[in-house]
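# Examination of the molecular architecture
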Amino acid sequence: MRTVTTDVEVTDVEVDVVLPCLDEAEALPWVLARVPSGWRAIVVDNGSTDGSPEIARALGARVVHEPRRGFGAACHAGLTAATADVVCFCDCDASLDPGQLAPFVQEVRAGTADLVLGRRRPSGRGAWPAHARAGNLALARLLRRRTGLRLHDLGPLRAARREPLLALGLTDRRSGYPLEMVVRAADAGWRITEHDVPYLPRTGVSKVTGTWRGTWQAVRDMSRVLNGVPAREGVAR
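First, a word on scope: everything that follows refers to the structure included in this document. What you are looking at is a predicted structure, and each value in this text was computed from that prediction instead of being measured.

## Considerations on the pattern of salt bridges
Under the definition given, this model contains eight salt bridges. Note that D114 is salt-bridged to R191, the shortest N-O span being 3.1 Å. On the criterion of sequence distance, the pair formed by D114 in the loop between helix 4 (102-110) and strand 5 (115-122) and R191 in the loop between helix 7 (177-187) and strand 7 (192-199) is long-range, its members being 77 residues apart. According to the relative accessible area criterion, D114 is partly exposed, its value standing at 24%. In this structure R191 comes out as partly exposed when scored by relative accessible area, which is 41%. A salt bridge links R121 to D196; its shortest N-O distance comes to 3.3 Å.

Below is the structure:
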């Protein structure tokens, strides 16, 4: 039974949590129950056939439909639909607890960071397959070379202010979306921080990193982003 929680006090603040969703009916109740009180969950359905949209709506989430397949397409549809000052992103497969976002939001609202990322720490056997971890490590090294950022993870758990995020002009609509966000934020001079978060074995089958093929596709998408976004002056590739 999943029991991950956060001990950080959460007050009712204006926050939207974007949850890209593709056939996550089993995980949705656990995920939505952990969205902090007063925050709004935006479940972006990316073509589910298992009743996920109906479950999300019944549990009080706002449901947005994005017919164009792709992780980035779903995330950006949620960002566009959001209206809160601060927007968070979290996977909808129960591998990450949205309650862990509370200190992220506090840091953004306090003005000590512009983008806060979750560094995944596996909790439980099989939480993070070796091939997925290796691909993430390789990308983190490429990102460091490209931007100078000493980040360890490019995971989906993150928080930032909505208007500056929209102003970044993100264009990737596949697996490269999370990386493009970090690269463009770094080029814009954003303060980017990273915090450890528990990473649990996901519910159901991963659409991306559950297989070597999916991981390779994600790495290829992200490598294309690194090669396609021009480096700012003074930053070596």
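## Concerning the pairing of strand 3 (residues 62-65)
Inspection of the sheet shows strand 2 (residues 40-45) paired to strand 3 by four bridges, in the parallel sense. Pairing of I42 across the sheet is with R62, part of strand 3.

## Section: unusual backbone geometry
Positive phi outside glycine occurs at D23, with the angle close to 55°. Of note, D23 is situated in the loop between strand 1 (15-21) and helix 1 (28-33). A positive phi is found at A94, a non-glycine position, where the angle reads about 70°. If you trace the backbone, A94 turns up in the loop between strand 4 (86-89) and helix 4.

## Digging into the sheet that holds strand 5
Within the open sheet, the seven strands sit side by side as 3-2-1-4-6-5-7. Their pairing is mixed. Lying at the two open borders of the sheet, with one neighbouring strand each, are strand 3 and strand 7. When strand polarity is set aside, the average angle formed by the axes of neighbouring strands in this sheet is 20°. This element, helix 3 (residues 71-81), spans strand 1, strand 2, strand 3 and strand 4 of the sheet and lies at about 155° to strand 1. Its contacts with the sheet put helix 7 on strand 4, strand 5, strand 6 (158-161) and strand 7, and the angle it makes with strand 5 is roughly 135°.

## Remarks on helix 3
Burial within helix 3 is extensive, with nine of its 11 residues counted as buried. Within the sequence span of helix 3, burial applies to G72, A73, A74, C75, H76, A77, G78, L79 and A81. Where helix 3 is buried, its residues touch strand 1, strand 2, strand 3, strand 4, helix 6 (162-167) and helix 7.

## A closer look at the environment of W30
Here W30 is to be found in helix 1. As a C-alpha pair, W30 and D97 span 67 residues in sequence and 8.7 Å in three-dimensional space.

## A look at the packing of aromatic side chains
Going through the model one piece at a time under the given rule, you end up with zero aromatic pairs. Sitting above the plane of the Y199 ring, R120 keeps its charged end 5.0 Å from the centroid.

## Considerations on the pairing of strand 5
Judged from the three bridges that link them, strand 5 and strand 6 form a sheet pairing that is antiparallel. Bridging from a neighbouring strand, V116 pairs with A159 of strand 6. As defined by bridge partners, strand 5 adjoins strand 7 across eight bridges and the pair is classed as parallel. Looking across to strand 7, one finds that G118 is bridged to H195.

Procedures and definitions
- Residues numbered from 1 in each chain as written.
- Predicted model: local features only at pLDDT ≥ 70, side-chain atom pairs only at ≥ 80, totals over all residues.
- Heavy atoms only, no water.
- Salt bridge = Lys/Arg side-chain N within 4 Å of Asp/Glu carboxyl O.
- Helix = DSSP H or I, 4+ residues; strand = E, 2+ residues; numbered from the N terminus.
- Buried < 20%, exposed > 50% of the residue type's maximum accessible area, 1.4 Å probe, protein only.
- Pairing = 2+ DSSP bridges.
- Axes fitted to C-alpha atoms, helices over the stretch in contact; angles between N-to-C directions.
- Contact = heavy atoms within 4.5 Å.
- Phe/Tyr/Trp six-rings, centres within 6.5 Å; stacked < 30°, edge-to-face > 60°.
- Lys NZ or Arg CZ within 6 Å of the ring centre and 35° of its normal.

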